[in-house]
2 protein chains.
Amino acid sequence: MPENAALSIARLTRVLEDFTRMHIRLPAERRLSFTTLSVLHTLAGDGPKRLTELAGSEQVTQSAITQMVTKLEREGLVERHPDPSDGRAVLVHVTAAGAAIVDGRRAERMARLSELADLLTEAERAAIAAALPALARMVDLHSVPGTAPGTDPGADTPRDSARR
Amino acid sequence: MPENAALSIARLTRVLEDFTRMHIRLPAERRLSFTTLSVLHTLAGDGPKRLTELAGSEQVTQSAITQMVTKLEREGLVERHPDPSDGRAVLVHVTAAGAAIVDGRRAERMARLSELADLLTEAERAAIAAALPALARMVDLHSVPGTAPGTDPGADTPRDSARR
DNA sequence: GAAACTGTATCAGAAACTTAATTAAGTTAC
DNA sequence: GTAACTTAATTAAGTTTCTGATACAGTTTC
């Protein structure tokens with residue numbers, strides 16, 4: 001294969017659309033809504049966050065996060081702690097039980113993806129392995145636009161109250 | 001890089017988790033729910049489908065699909081046509097307006113992914129390009145498990161009434 | 001052609017979200 | 001230092017989208 005093969009954005013977009021829709025349905029356990037699981041994932045991965053931060057990254061209203069965190073707290077999956085640096089704010093921490101849910105779903109995905117990877121050829125597995133660092137970097141560039149030079153600073157604004 | 005590098009499933013899973021959560025929030029237009037958009041995407045990509053087929057692939061109840069299709073029909077995004085081969089069934093077709101929504105969101109994703117891809121090195125873009133066929137094949141293997149030999153036949157059952 | 005099965009629709013209620021209004025803590029201006 | 005403003009979180013009320021149960025028409029089986 002040519003080393004500087006042009007990357008077709010159209011093809012990338014299509015493949016990722018399909019892959020995303022498959023990936024998101026992989027775990028069987030679905031007692032929690034998509035947004036709720038995403039919050040747990042964020043907290044487990046990035047550590048404690050304020051409600052406003054969560055509202056921004058999940059693209060729902062602050063009110064929705066408050067209600068969700070209240071529910072998660074009742075279920076013992078997160079805890080509210082005061083923010084020592086700001087008396088108005090609250091820091092949401094994931095509990096061990098909450099982290100266990102994230103890990104459990106990850107294990108399910110790993111099991112299914114492992115089955116699928118077994119069906120690929122060795123060359124295909126190698127190609128995916130070689131692409132992972134670049135895919136991870138795209139995620140980084142998206143979430144921290146200031147890191148890279150020449151990035152559009154306005155593209156990431158947590159947008160105004162999406163109604164659905 | 002070694003041509004037969006082992007593919008780390010753990011790393012693949014992590015990268016895809018992060019990528020999925022980024023990708024799903026890319027388009028700005030969010031007048032429609034996630035499930036609704038997924039249905040439009042399926043219809044635009046695979047052609048007309050029965051309500052039960054949609055319920056299976058989207059992992060919501062048939063009741064939810066009926067209500068969603070009724071709403072989409074009122075908005076002119078899909079149409080119901082009788083299934084000539086079965087008097088009980090209904091075939092849901094996407095309209096031009098519905099397809100335009102799918103295309104519009106795809107265009108948004110392409111624009112943003114294109115920006116991100118521009119920030120990568122040529123080698124990174126080449127690595128992603130080289131992995132796309134393999135990623136697409138994983139999606140195929142997932143949705144049509146009978147195609148490949150040795151696949152667990154029970155793994156894909158549209159599961160029992162996911163409650164959230 | 002009666003019984004069992006399948007595909008869709010309808011209805012009540014639950015869950016998850018929105019907007020708007022409220023409380024409380026921090027910041028700025030004078 | 002107090003008044004006016006901003007920011008963080010909550011609460012209340014209403015909307016949308018889902019589940020679960022049921023009904024009913026069309027199909028298959030015998």
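Look up: the structure comes first, before these words.
Cut-offs applied
Residues numbered from 1 in each chain as written. Chains lettered and ligands numbered in written order. Predicted model: local features only at pLDDT ≥ 70, side-chain atom pairs only at ≥ 80, totals over all residues. Heavy atoms only, no water. Core = buried A, V, L, I, M, F, W, Y, C linked by side-chain atoms within 4.5 Å. Buried < 20%, exposed > 50% of the residue type's maximum accessible area, 1.4 Å probe, protein only. Helix = DSSP H or I, 4+ residues; strand = E, 2+ residues; numbered from the N terminus. Contact = heavy atoms within 4.5 Å. Phe/Tyr/Trp six-rings, centres within 6.5 Å; stacked < 30°, edge-to-face > 60°. Axes fitted to C-alpha atoms, helices over the stretch in contact; angles between N-to-C directions. Parallel < 35°, antiparallel > 145°, perpendicular 65-115°, else oblique. Left-handed = near helix turned anticlockwise from the far one by under 90°. Nonpolar A, V, L, I, M, F, W, Y, C, P; charged D, E, K, R; others polar. Near = heavy atom within 4 Å. Polar contact = N/O pair within 3.5 Å; in protein donor to acceptor, adjacent residues only side chain to side chain. Pairing = 2+ DSSP bridges. Expected span 1.5 Å × (residues − 1). Bend = angle between axes of the 7 residues up to and from the residue. Salt bridge = Lys/Arg side-chain N within 4 Å of Asp/Glu carboxyl O.

Colleague: Please provide a residue-by-residue account of the nonpolar core, values included.
Modeller: The biggest cluster of nonpolar side chains holds 43 residues, and the ones touching the most others in it are Leu12(A), Ile128(A), Leu12(B) and Ile128(B). Counting only elements with at least two residues in this core, the list comes to helix H1 (9–24), helix H5 (96–118) and helix H6 (122–143) of chain A together with helix H1 (9–23), helix H5 (96–118) and helix H6 (122–143) of chain B. Counting residues per element, this core draws most heavily on H6(B), which supplies ten residues. Apart from the residues within four sequence positions on either side, Ile128(B) is in contact with Leu7(A), Leu12(A), Ala131(A), Ala134(A), Leu135(A), Met138(A) and Leu120(B).

Colleague: Which residues make up the environment of Leu32(A), and what values do they have?
Modeller: Residues and elements named next belong to chain A. As for its placement among the helices and strands, leucine 32 is situated in the loop between H1 and helix H2 (34–46). Overall, the relative accessible area of 8% leaves leucine 32 in the buried class. Through-space distance from the C-alpha of leucine 32 to that of leucine 72 is 9.7 Å; in sequence the pair is 40 residues apart. Look past the residues within four positions of leucine 32 in its chain and what remains in contact with it is Leu37, Leu40, Lys71, Glu75, Leu77 and Ile101.

Colleague: Any chance you could break down the packing of aromatic side chains for me, citing the residues and the numbers?
Modeller: Enumeration according to the criterion identifies one aromatic pair over all chains in this entry. Between Phe34(A) and Phe34(B), the aromatic rings sit 6.0 Å apart at their centres with planes inclined by 10°, giving stacked as the arrangement. Taken together, the residues Phe34(A) in helix H2 and Phe34(B) in helix H2 (residues 34–46) connect one chain to another.

Colleague: Break down the packing of helix H3 (residues 51–58) of chain A against helix H4 (residues 62–74) of chain A for me, with residues and values.
Modeller: All names here are of chain A. Two numbers describe how H3 lies on H4: the axes approach to 9 Å, and their chain directions differ by 115°. Here H3 is positioned roughly perpendicular relative to H4, judged by the angle of their axes. H4 is crossed by H3, and the crossing has right-handed handedness. Facing Leu51, Thr52, Leu54, Ala55 and Glu58 of H3, the residues of H4 in contact are Gln62, Ile65, Thr66 and Val69. Grouping the constituent residues of the contact of H3 with H4 by class yields five nonpolar, three polar and one charged.

Colleague: Residue-level account of the protein's contact with DNA strand D, with values.
Modeller: Close contacts around DNA strand D come from 25 residues, with Leu51(A), Arg80(A), Thr61(B), Ser63(B) and Gly87(B) the closest. A distance of 3.2 Å separates a phosphate oxygen of DNA strand D from a polar atom in the side chain of Thr35(B). Ser63(B) is positioned with one of its side-chain polar atoms (N or O) 2.6 Å from a base oxygen of DNA strand D. Elements supplying a minimum of two residues to the surface near DNA strand D: H3, H4 and strand S3 (86–94) of chain A together with helix H4 (62–74) and strand S3 (86–94) of chain B. Among the elements that take part in the surface near DNA strand D, H4(B) stands out by supplying five residues, more than any other. Looking at side-chain class alone, the surface near DNA strand D contains seven nonpolar, eleven polar and seven charged residues.

Colleague: Before we move on, can you summarise the sheet that holds strand S1 (residues 49–50) of chain B with the specific residues and values?
Modeller: Residues and elements named next belong to chain B. With antiparallel pairing, the three strands of this open sheet are ordered in space as S1-S3-S2. Edge positions in the open sheet fall to S1 and strand S2 (78–83), since each of these has one partner strand only. Most of the contacts of H2 go to S3, to which it runs at about 95°, and overall it touches S1, S2 and S3.

Colleague: Before we move on, can you summarise the sheet that holds strand S2 (residues 78–83) of chain A with the specific residues and values?
Modeller: Sheet strands pair via backbone hydrogen bonds, and the direction of the pair is either parallel or antiparallel. Residue and element names in this part refer to chain A. With antiparallel pairing, three strands are arranged side by side in an open sheet as S1-S3-S2. If you trace the sheet from one side to the other, it starts and ends with strand S1 (49–50) and S2, each paired once. As paired strands, S1 and S3 are joined by two bridges and run antiparallel to one another. When the bridges of S3 are listed, arginine 50 appears paired with leucine 91. Seen against the sheet, H4 touches S2 and S3 and runs at an angle of roughly 120° to S2.

Colleague: Can you explain the pairing of S3(A)? Please cite residues and give values.
Modeller: Residue and element names in this part refer to chain A. Where S2 lies against S3, six bridges are found, and the strand directions are antiparallel. Across the sheet, the residue bridging to histidine 81 is leucine 91, located in S3. What sits between the antiparallel neighbours S2 and S3 is a turn of two residues.

Colleague: Can you break down H6(A) residue by residue, with the values?
Modeller: Under the 1.5 Å per step criterion, the end-to-end length of H6(A) is 32 Å for 22 residues, consistent within 8% with the ideal 32 Å. When the local axis directions of H6(A) are compared, the greatest deviation, roughly 35°, occurs at Leu132(A), which is followed within four positions by the proline Pro133(A).

Colleague: Residues and numbers for the protein's contact with DNA strand C, please.
Modeller: In the vicinity of DNA strand C lie 25 residues, with Thr61(A), Leu51(B), Arg80(B), Arg88(B) and Val90(B) positioned nearest. Atoms of DNA strand C within 4 Å of the protein belong to the sugar or the phosphate in 64% of instances, the rest to bases. Here Gln62(B) contributes a side-chain N or O atom positioned 3.1 Å from a base nitrogen of DNA strand C. A distance of 2.6 Å separates a phosphate oxygen of DNA strand C from a polar side-chain atom of Arg80(B). If you list the elements that add at least two residues to the surface near DNA strand C, you get H4 and S3 of chain A together with helix H3 (51–58), H4 and S3 of chain B.

Colleague: Any chance you could break down the pattern of salt bridges for me, citing the residues and the numbers?
Modeller: Inspection of every chain in the model, using the stated rule, returns 20 salt bridges over all chains. Between Asp86(A) and Arg50(A) there is a salt bridge; the shortest N-O distance is 3.5 Å. You can see Asp86(A) sitting in strand S3 and its partner Arg50(A) sitting in strand S1, a full 36 residues away along the chain. Note on Asp86(A): relative accessible area 13%, which makes it buried. Salt bridges sharing common partners tie together Glu17(A), Asp103(B), Arg106(B) and Arg109(B).

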